[in-house]
Structures are given as C-alpha cells and as structure tokens.
Amino acid sequence: MTSPAYSDRRVFWHELRLTVRQFWLLPVVGAVYFFLVMNLPLLLILDSYSYSGYANFDMYVQGYDAGIQYAIPVFAGLVALCVFFFLFQARATDTYFSLGVRRGTLFGIRYLTGAVFVALPLLLACLCSLFAQLAVQPVFYGVFFRSWLYVTLLMLVGGLAMYSLAVLVITLCGTVSEGVVYTLLASILPLLLAWIAGSV
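The structure contained in this document is the topic of the report that follows.

Cut-off values and rules
Residues numbered from 1 in each chain as written. Predicted model: local features only at pLDDT ≥ 70, side-chain atom pairs only at ≥ 80, totals over all residues. Heavy atoms only, no water. Helix = DSSP H or I, 4+ residues; strand = E, 2+ residues; numbered from the N terminus. Buried < 20%, exposed > 50% of the residue type's maximum accessible area, 1.4 Å probe, protein only. Contact = heavy atoms within 4.5 Å. Core = buried A, V, L, I, M, F, W, Y, C linked by side-chain atoms within 4.5 Å. Phe/Tyr/Trp six-rings, centres within 6.5 Å; stacked < 30°, edge-to-face > 60°. Disulfide = S-S within 2.5 Å. Patch = residues over 30% accessible without salt bridge, like charges linked within 9 Å, V, L, I, M, F, W, Y side chains within 5 Å. Areas by Shrake-Rupley, 256 points an atom, 1.4 Å probe, with all protein chains shown as cover. Salt bridge = Lys/Arg side-chain N within 4 Å of Asp/Glu carboxyl O. Polar contact = N/O pair within 3.5 Å; in protein donor to acceptor, adjacent residues only side chain to side chain.

## What to know about the overall build of the chain
In step 1: Tallying secondary structure elements over the chain gives nine helices and zero strands in all.
In step 2: Each helix and strand of the chain, placed in order from N terminus to C terminus, yields the pattern α-α-α-α-α-α-α-α-α.
In step 3: Scored against the burial criterion, the 200 residues of the chain give a buried share of 37%.
In step 4: Long-range pairs, those at least 24 residues apart, make up 78% of the contacts in the chain with a sequence separation of at least 6.

As structure tokens, then:
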C-alpha cells in the first residue's frame, strides 16, 4: 500500500514537471526579451564611450528603462494568467481534484513555478549586464555594483509583487475575459499611479 507521504511527493513532482513542461517557453521568451532590451543598449553605450574610459550604469537605466519598466508588469501578468489558466477550465479542475490533488499543493506548485518564471529571466538579464559592464570597465566595480544591485532588487521585487497581485486577481475571477481585463488593469494601475504621483 502506498503511503500518503509518498503519494503526496509523487503528486508534487508530477504536477511540477507538468507545469514546467507546459509553460517552459514563457521564461525563455522573457529571458530573450529582457536580455536584448537591457544589454544591447548597454553594449552600444559602452562602445560609444570606450574612448572616454567611463560608462555610467545610471545613464543606461535612465536611457533605456521604458522597455523594461512597462514590460515587467505585463510579463508578470502574462505568466500568472498562463499558469493559472486551468482555473477557467471546468474539466481541468475536475480532473485535478478527482485525482486527489490538494488545492493548497496545486496552488503552491503553480505559484512558485510562476514566480521562478518571472524572476529567472530578470535575474539572468541583470547578471549579463553586470558581466558585460565589468568586462569593459572593471575599475568602476564598486560604484556600478551598488547601482546594479539596487536596480536588480527593484526589478525582482516589482515583478514578483505584480505577479502575486495578478495571481490574486485571477483566482478571484470567474471567466477568462474577466481574468484578462482585470489582470491588465492590475498591471497598468501601479504605473498609472506612479505617473500621477510624478505629475503632481
């Protein structure tokens, strides 16, 4: 007879593999996008300032943050919508619960997998920008690393906060259209509030 603990472990690993297999393309696309947006402009700046011997990370952030700032909440919302899309499919939910998958276990696996999908592309892109900068300007390691660490943590916290908010919205919605609309609103609202605060 299979013990409950062994059965739970099997369900956990099975659901984890299934989730990764279904949505592995999300972090790949995210990593490619954020790498291009964050590192190609940086490399261009480094090349154009190679003769002066100095490239300012703050200038890189200020000059190219629009494609990152707006993409992070949209990407986080998209990941949340894809990972929890099964909630809008009655057959899928019935199948999960008929197999004895606990709601808490299912939510935890999906939530943590989605969080990794959001954080990993951002972290990889930020690490690439760190290595690219230090490979050309190692003398400015201290100043650059502090700026890099601050921006990286800000991106990760912002992305995971937006992902968590989107998950909350999706789990409270009853239809796909509601999930899409309210997730978009939840993605835009923080940016809108920041814009209003900056305009006052």
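## Quick look at the nonpolar core
Here is a general trend for soluble globular proteins: nonpolar side chains tend to be buried in one another's company.
In step 1: Formed by 40 residues in total, the largest nonpolar core has its most connected members in Phe 34, Met 38, Val 79, Phe 84, Met 155 and Tyr 163.
In step 2: Here this core gets eleven residues from one element, more than from any other, and that element is helix α8 (residues 141-172).
In step 3: Contact partners of Met 155, with chain neighbours within four places excluded, come to Met 38, Ile 68, Ile 72, Leu 122 and Cys 126.

## Overview of the packing of aromatic side chains
In step 1: All told, the structure shown has seven aromatic pairs when counted by the stated rule.
In step 2: Relative to Phe 34, the ring of Tyr 33 lies with its centre 5.3 Å away and its plane at 75 degrees, an arrangement referred to as edge-to-face.
In step 3: With relative accessibility at 1%, the residue Phe 34 sits in the buried group.
In step 4: A ring pair is formed by Phe 85 and Phe 88, whose centres lie 6.0 Å apart and whose planes are at 75 degrees; its orientation type is edge-to-face.
In step 5: Assessed through its relative accessible area of 31%, Phe 85 is described here as partly exposed.
In step 6: On the basis of relative accessibility, which here comes to 15%, the residue Phe 88 falls in the buried class.
In step 7: Members of the aromatic cluster, joined through ring pairs, are Phe 84, Phe 86, Phe 107, Tyr 111 and Tyr 163.

## A word on the state of the cysteines
In step 1: In total, this model carries zero disulfides according to the counting rule given.
In step 2: Lacking any disulfide linkage, Cys 126 is separated from the closest cysteine sulfur, that of Cys 128, by 9.3 Å.
In step 3: Residue classification places Cys 126 among the buried residues on the basis of a relative accessible area of 2%.

## Digging into a nonpolar patch on the surface
In step 1: A cluster of nonpolar residues, Phe 85, Val 176, Val 180, Leu 184, Ile 188, Leu 189, Leu 192, Leu 193, Trp 195 and Ile 196, forms a patch on the protein surface that exposes about 890 Å² of accessible area.
In step 2: Position of Trp 195 relative to the elements: it lies in helix α9 (residues 176-199).

## Remarks on the environment of Tyr 111
In step 1: Mapped onto the secondary structure, Tyr 111 falls in helix α7 (residues 103-136).
In step 2: With residues near it in sequence (within four places) discarded, Tyr 111 still touches Phe 84, Tyr 163, Ser 164 and Val 167.
In step 3: In this structure the side chain of Tyr 111 is engaged in a polar contact, spanning 2.5 Å, whose partner is the side chain of Ser 164.

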